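Commentary on secondary and tertiary structure
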Amino acid sequence: MKLVVAVVQDQDSNRLSNALTKNQFRATKLASTGGFLRSGNTTFLIGTEDSLIPKLLDIIRDNCRAREQMVAPVSPLGGNADSYIPYPVEVEVGGATVFVLPIEQFHHF
């Protein structure tokens, strides 16, 4: 058994959730925040058999693509304003950060 922890951008969350449900993967969704832009993320917790990991990773890869986006950086709070860029910049967003962890037991009640 494995526990897959997938952190995805909020824009990819619904698409991934629908794809997981369509392929009979059960997942718990958690709201999360972090990263360079302190933007909203969704963290999926998915327990599954070892043999299904390649299929699951394909689903995540297909539904969470990285893309370029113009964003306005968050201003520093109490930090050094000298390095603050006050205009929008193009950054890569999206994609997924995925952790695959071994687990000893998995119970679904």
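Residues numbered from 1 in each chain as written. Predicted model: local features only at pLDDT ≥ 70, side-chain atom pairs only at ≥ 80, totals over all residues. Heavy atoms only, no water.

**Focus: the nonpolar core**
Convention followed: As used here, the term nonpolar core means buried Ala, Val, Leu, Ile, Met, Phe, Trp, Tyr and Cys residues forming a set that is joined through side-chain atoms within 4.5 Å. With a 1.4 Å probe rolled over the protein chains alone, any residue whose accessible area is under 20% of its type maximum counts as buried; one over 50% counts as exposed, and the rest are partly exposed. Runs of H or I in DSSP of at least four residues are treated as helices and runs of E of at least two as strands, each being numbered from the N terminus. Note on contacts: a residue pair qualifies if any of its non-hydrogen atoms lie within 4.5 Å across the two residues.
Among the nonpolar cores identified, the biggest contains 14 residues, and Leu-16, Leu-20, Phe-44, Ile-46, Leu-56 and Ile-60 are the most heavily contacted of them. Mapped by element, the contributors of at least two residues to this core are strand E1 (2-9), helix H1 (10-22), strand E3 (39-48) and helix H2 (53-63). Looking at which element gives the most residues to this core, the answer is H2, with four residues. Phe-44 has contacts with Val-4, Val-5, Ala-6, Val-8, Ser-13, Leu-16, Ser-17, Leu-20, Ala-27, Thr-28 and Lys-29, leaving out every residue within four places of it along the chain.

**Digging into the confidence of the model for the protein**
For the record, the criterion: The predictor reports its confidence for every residue as pLDDT, a score running from 0 up to 100.
Across the protein, the average pLDDT comes to 84, with 75% of residues at 70 or higher. Model confidence for the protein, summarised as mean pLDDT per element, is weakest for strand E5 (residues 89-94) at 68 and strongest for H2 at 96.

**Some words on the packing of H1 against H2**
To be explicit about the condition: Note on geometry: axes are C-alpha line fits, over the in-contact stretch for helices, and angles between N-to-C directions span 0 to 180 degrees. Helix crossings fall into two classes, left-handed where the near helix is turned counterclockwise from the far one by less than a right angle and right-handed where it is turned clockwise. Gly is placed with the polar residues, together with every amino acid not listed as nonpolar (Ala, Val, Leu, Ile, Met, Phe, Trp, Tyr, Cys and Pro) or charged (Asp, Glu, Lys and Arg).
One can describe the packing of H1 onto H2 by two numbers: an axis separation of 9 Å at closest approach and a directional angle of 145 degrees. Every pair of crossing elements has a handedness; the one defined by H1 and H2 is right-handed. Across the interface between the two elements, Asp-12, Arg-15, Leu-16, Ala-19 and Leu-20 from H1 touch Leu-56, Ile-59, Ile-60 and Asn-63 from H2. Grouping the constituent residues of the contact of H1 with H2 by class yields six nonpolar, one polar and two charged.

**Digging into the pattern of salt bridges**
Rules: By salt bridge we mean one thing: a side-chain nitrogen of Lys or Arg within 4 Å of a carboxyl oxygen of Asp or Glu.
Inspection of every chain in the model, using the stated rule, returns four salt bridges. Residues Arg-15 and Asp-12 are paired through a salt bridge, measuring 2.5 Å at the closest nitrogen-oxygen approach. One end of the pair, Arg-15, and the other, Asp-12, are both in helix H1, three residues apart, so they sit about a helical turn from each other. The exposure class of Asp-12 is buried, given its relative accessible area of 0%. Notably, a salt bridge pairs Asp-58 with Arg-61, separated by 2.7 Å at the nearest N-O pair. Of this pair, Asp-58 and Arg-61 both sit in helix H2, separated by three residues, roughly a single helical turn. Exposure remark for Arg-61: the relative accessible area of 45% places this residue in the partly exposed category.

**Concerning the environment of Leu-16**
Assignment of secondary structure puts Leu-16 in helix H1. Relative accessible area serves as the criterion here: at 0%, Leu-16 is assigned to the buried category. Between the alpha carbons of Leu-16 and Ile-59 there is a distance of 7.5 Å; along the sequence they are 43 residues apart. Excluding residues that lie within four positions of it along the chain, Leu-16 makes contacts with Val-8, Phe-44, Ile-59, Ile-60, Asn-63 and Cys-64.

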